[in-house]
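Per-entry structural report
Here is what each chain is made of, one letter per residue.
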Amino acid sequence: MGRVYNFSAGPAVLPEEVLKEAAAEMLDYQGTGMSVMEMSHRSKAFEEIIQTAERDLRDLMGIPDNYKVLFLQGGASQQFAMIPMNLMKNRVADYIITGQWAKKAAKEAEKYGKVNRIASSEDKTFSYIPDCSDLPVSEDADYVYICENNTIYGTKYKELPNTKGKILVSDVSSCFLSEPIDVEKYGVIYGGVQKNIGPAGVVIVIIREDLITEEVLPGTPTMLTYKTHADADSLYNTPPAYGIYICGKVFKWLKSMGGLSVMKEHNEKKAKLLYDFLDQSKLFKGTVEKKDRSLMNVPFVTGNPDLDAKFVKEAKAAGLENLKGHRTVGGMRASIYNAMPYEGVEALVAFMKKFEEENL
Ligand code: PMP
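Residues numbered from 1 in each chain as written. Predicted model: local features only at pLDDT ≥ 70, side-chain atom pairs only at ≥ 80, totals over all residues.

- Where an unreviewed UniProt entry is consulted, the protein appears under the name Phosphoserine aminotransferase, with the organism given as Faecalicatena acetigenes.
- What UniProt records for the protein under Subunit (unreviewed entry) is the sentence "Homodimer."
- UniProt annotates the protein under Sequence similarities (unreviewed entry) with the comment "Belongs to the class-V pyridoxal-phosphate-dependent aminotransferase family. SerC subfamily." (UniProt positions renumbered as here; feature names shortened; annotations may be inferred.)

Quick notes on the overall build of the protein
- The number of helices and strands found in the protein is 9 helices and 14 strands.
- Its C-alpha atoms give the protein a radius of gyration of 21 Å, near enough to 21 Å, the size a compact globule of 360 residues would have.
- A burial count over the protein gives 46% of its 360 residues as buried.
- For the protein, the share of sequence-separated contacts (at least 6 apart) that also reach a separation of at least 24 residues comes to 68%. (Helix = DSSP H or I, 4+ residues; strand = E, 2+ residues; numbered from the N terminus. Rg over C-alpha atoms; globule rule 2.2 N^0.38 Å. Buried ≥ 20, exposed ≤ 12 C-beta atoms within 10 Å, placed from the backbone. Contact = placed C-beta atoms within 7 Å.)

What to know about the site of the ligand
- Close contacts around the ligand come from Gly10, Gly75, Ala76, Ser77, Trp101, Cys147, Thr151, Asp171, Ser173, Ser174 and Gly192, and that covers them all.
- A per-element tally of the shell around the ligand places helix α3 (residues 75-87) first, with 3 residues. (Near = placed C-beta within 6 Å.)

A closer look at the pairing of strand β10 (residues 203-208)
- With respect to burial, β10 is a largely interior element, 5 of its 6 residues being buried.
- Relative to β10, strand β2 (residues 67-72) runs antiparallel, the two sharing 6 bridges. Counted as the bridge partner of phenylalanine 71 is isoleucine 204 from β10.
- Here strand β9 (residues 188-192) pairs with β10 via 5 bridges, running antiparallel. By the bridge assignment for β10, tyrosine 190 is matched with valine 205. (Pairing = 2+ DSSP bridges.)

Quick word on the sheet that holds β2
- Spatial ordering of the open sheet is given by β2-β10-β9-β8-β5-β3-β4, a layout of 7 strands whose pairing is mixed. Two strands in the sheet have a free side with no partner beyond their single neighbour: β2 and β4 (114-120). Neighbour-to-neighbour, the strand axes of the sheet open up by a mean angle of 20°, direction not taken into account. (Axes fitted to C-alpha atoms, helices over the stretch in contact; angles between N-to-C directions.)

Focus on the packing of helix α1 (residues 16-24) against helix α6 (residues 241-257)
- Contact geometry of α1 with α6 gives a least axis separation of 10 Å together with a crossing angle of 135°. It follows that α1 is oblique to α6 by the angle criterion. For the pair α1 and α6, the crossing hand works out as right-handed. Side by side, α1 and α6 meet where Glu17, Val18, Glu21 and Ala22 of the first sit next to Ile246, Lys249, Val250 and Trp253 of the second.
- For the contact of α1 with α6, the class distribution of residues is 5 nonpolar, no polar and 3 charged. (Parallel < 35°, antiparallel > 145°, perpendicular 65-115°, else oblique. Left-handed = near helix turned anticlockwise from the far one by under 90°. Nonpolar A, V, L, I, M, F, W, Y, C, P; charged D, E, K, R; others polar.)

A short note on the UniProt feature "binding site: L-glutamate" (unreviewed entry) in the protein
- The feature "binding site: L-glutamate" (unreviewed entry), as given by UniProt, occupies Arg42 in the numbering adopted here.
- Along the polypeptide, arginine 42 turns up in the loop between α1 and α2 (44-61).
- Overall, the presence of 9 C-beta atoms within 10 Å leaves arginine 42 in the exposed class.

What about the sheet that holds strand β14 (residues 332-335)?
- One open sheet holds the 3 strands; their spatial order is β11-β12-β14, and the pairing between them is antiparallel. A single partner strand is all that each edge strand has here, and the edge strands are β11 (285-286) and β14.

Description of the UniProt feature "binding site: pyridoxal 5'-phosphate" (unreviewed entry) in the protein
- When the UniProt feature table is mapped to this numbering, "binding site: pyridoxal 5'-phosphate" (unreviewed entry) covers Ala76, Ser77, Trp101, Thr151, Asp171, Gln194, Asn237 and Thr238. Maximum C-alpha separation among the annotated residues is 30.6 Å over a sequence range of 163 residues, too wide for a single clustered spot.
- Mapped onto the elements of the fold, alanine 76 is located in helix α3.
- When near neighbours in sequence (up to four residues on either side) are disregarded, alanine 76 contacts Asp171, Ser173, Tyr190, Gly191, Gly192 and Val203.
- On the secondary structure map, threonine 238 appears in the loop between α5 (226-231) and α6.
- Overall, the presence of 10 C-beta atoms within 10 Å leaves threonine 238 in the exposed class.

With respect to unusual backbone geometry
- A cis amide bond links glycine 10 with the next residue in sequence, proline 11, at an omega value of -10°.
- Looking at where proline 11 falls in the secondary structure, it is placed in the loop between β1 (5-6) and α1.
- Unusually for a residue other than glycine, leucine 177 sits at a positive phi of about 60°.
- Looking at the element boundaries, leucine 177 is found in the loop between β8 (168-171) and β9.
- According to the C-beta neighbour criterion, leucine 177 is buried, with 26 such atoms within 10 Å.
- A positive phi is found at serine 234, a non-glycine position, where the angle reads about 65°.
- Tracing the backbone shows serine 234 in the loop between α5 and α6.

A closer look at helix α8 (residues 305-317)
- With 13 residues, α8 ought to run about 18 Å at 1.5 Å a step, and its terminal C-alpha atoms sit 19 Å apart, in line with that.
- Three or more residues of α8 are buried, namely Asp308, Phe311 and Ala315. For α8, the angular spread of the buried residues around the axis is 60°, confining them to a single face. Facing away from the buried side of α8, by more than 90 degrees, are the exposed residues Asp306, Lys313 and Ala317.
- Structurally, α8 contributes buried residues whose contacts are with β12 (297-301), β13 (320-321), β14 and α9 (342-359).
- Positive backbone phi, approximately 85°, marks glycine 319, located one or two places after α8. (Expected span 1.5 Å × (residues − 1). Arc of directions from axis to C-beta.)

Spelled out as structure tokens, the structure:
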């Protein structure tokens, strides 16, 4: 069939079962005589698709009834603006800077109010998560913002920051559904789905109901107001229907795998295989402080950019694709999201061993 092991950071590998099911339903979705791509978003069939998707997501994450689930568009980057526009009542927010995505979010929020950068790991190229147990949280902050898993640098919060009672807003784009979380600890959880859940074009926002109000910043477009989408159950306008359909299939797949606790075990097992190899390798080296390592994105280097490039090229020829690190940091990065099978990581480690023997 010619499929490769795809280590892309996103859009990324999806479960093969899901792709096969979607292929089988492409021309005729369950006797409707049409593809989900061709279907009215107001049809009975689509209504069932979106409602089932929401129900399954709620089951998987244990989302309480006082939280809304919204299926939106505009990428995770659109949330960088939507969050302050909707939540900045005092026009003040605290941001913890752990990488490029948090940095971009903070810069965007600055258009709307005062942004306090209350912690940062930029001093060591974002290779760790700062101690967030006792930060100078601003008294008048409308929320505290984090990027929970840093896709580019491969770090992850193992403990949420102490927000001292302030609302926590978290970008979970690259760790969405990779392990169980306690939704009630957050005011807003959001992420682009193109890493762990589905095709690009869908953003899922899980937001506590009391944060959805009409009191948004003056000039906030209708489409960028959470209330618009919450009141219409994500059907205010045409949603990214086909993407939502695939997300729904991935939710079913996750349930069939045993849910998020089982997924966490799988992810820990995969990550351990790769990290253990890195820790004993004489050629390759992980770039992140051990305690803060992500289960999803694993950056590593040889220390020699030419050798890094050779590795990426030869890995590709061996069917291991998209291992080049982010353009801003170089080196390599293996993204090992939910849908990456254990065998994919085994193949990568075997290839790294061979490469090490040949190039040391
Ligand atoms: N946040 C994180 C953690 C990301 O990894 C990315 C994209 N890779 C973004 C935000 C931006 O996402 P989008 O391209 O959907 O705007």
